[in-house]
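# Overview (structure and organization)
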Amino acid sequence: MKAKLLTRREWILGSFEIAIMRQALMAQQHAVHSAQAVAKGQRVVFEYLDSSAALTLAALAAEIIPSDDGPGATEAGAVYFIDRALATFDAEKREGYKNGLRQTEALRAKLFPASASVEGLSREQRQELLRGLEGSDFFELLRTHIVLGYLVSCPSGS
């Protein structure tokens, strides 16, 4: 079998993909260390997210991959993975998060007018909110980031 020679374009694109994968792995390591620090009572500073956005995303992540039968998105530090992703290799997705968080807040206010925040909703209410977001670009982006952050970051054996 003859080896295929890469074109300059293919080589550049391949190098870019490797750089992105490296950044994603670094974000996953950051997520693990941040989640461990929080578990020890230490304060972790977000690089991109403000505290309100981080709380909202953490509440949604906890419903997308709950901690029912083992570690979930919370223990994996999914919100820290998202933060690092938006600060580095997925910075172009920031606008999607800004718009998605606005959409989430508007839907929360419509569905639960007496509520003050997503994190203040009951688990059932957060699940209803997520059902209302399903199919949106933001939901798909959020779910992808949470799953990526979870798969490698989640502590095994916990």
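Reference entry: report on the structure contained in this document. Bear in mind the structure is a predicted one, so any value in this text is a computation, not a measurement. (Residues numbered from 1 in each chain as written. Predicted model: local features only at pLDDT ≥ 70, side-chain atom pairs only at ≥ 80, totals over all residues. Heavy atoms only, no water.)

Now for the overall build of the chain. Across its full length, the chain carries 7 helices and 0 strands. Secondary structure elements in the chain, listed N-terminal to C-terminal, are α-α-α-α-α-α-α. Scored against the burial criterion, the 158 residues of the chain give a buried share of 37%. Here the contacts in the chain between residues at least 6 apart in sequence split such that 72% fall between residues at least 24 apart. Counting every atom, the chain has about 9,600 Å² of accessible surface; 56% of that belongs to carbon and sulfur. (Helix = DSSP H or I, 4+ residues; strand = E, 2+ residues; numbered from the N terminus. Buried < 20%, exposed > 50% of the residue type's maximum accessible area, 1.4 Å probe, protein only. Contact = heavy atoms within 4.5 Å. Areas by Shrake-Rupley, 256 points an atom, 1.4 Å probe, with all protein chains shown as cover.)

Our next topic: the packing of helix H2 (residues 51-64) against helix H6 (residues 123-133). Their axes nearest at 10 Å, the elements H2 and H6 cross at an angle of 90°. In terms of their interaxial angle, H2 and H6 are classed as roughly perpendicular. In contact with Ala59, Leu60, Glu63 and Ile64 of H2, H6 contributes Arg123, Arg126, Gln127, Leu129 and Leu130. Of the residues assigned to the contact of H2 with H6, the class counts are 5 nonpolar, 1 polar and 3 charged. (Axes fitted to C-alpha atoms, helices over the stretch in contact; angles between N-to-C directions. Parallel < 35°, antiparallel > 145°, perpendicular 65-115°, else oblique. Nonpolar A, V, L, I, M, F, W, Y, C, P; charged D, E, K, R; others polar.)

Before going further, it helps to spend a moment on the nonpolar core. By size, the foremost hydrophobic cluster in this structure holds 29 residues, and its most contacted members are Leu49, Leu57, Ile82, Tyr97, Leu129, Leu142 and Ile146. For this core, the elements supplying multiple residues, two or more each, are H2, helix H4 (78-87), helix H5 (94-111), H6 and helix H7 (137-153). For this core, the element with the most residues is H2, which contributes 6 residues. (Core = buried A, V, L, I, M, F, W, Y, C linked by side-chain atoms within 4.5 Å.)

Moving on: the pattern of salt bridges. According to the stated counting rule, one finds 8 salt bridges in the structure shown. In this structure, Arg126 engages Glu63 in a salt bridge whose closest nitrogen and oxygen atoms are separated by 2.7 Å. With a gap of 63 residues between them, Arg126 in helix H6 and Glu63 in helix H2 connect regions that are remote in the sequence. Note on Arg126: relative accessible area 14%, which makes it buried. Through salt bridges that share partners, Glu63, Asp68, Arg123 and Arg126 make up one connected network. (Salt bridge = Lys/Arg side-chain N within 4 Å of Asp/Glu carboxyl O.)

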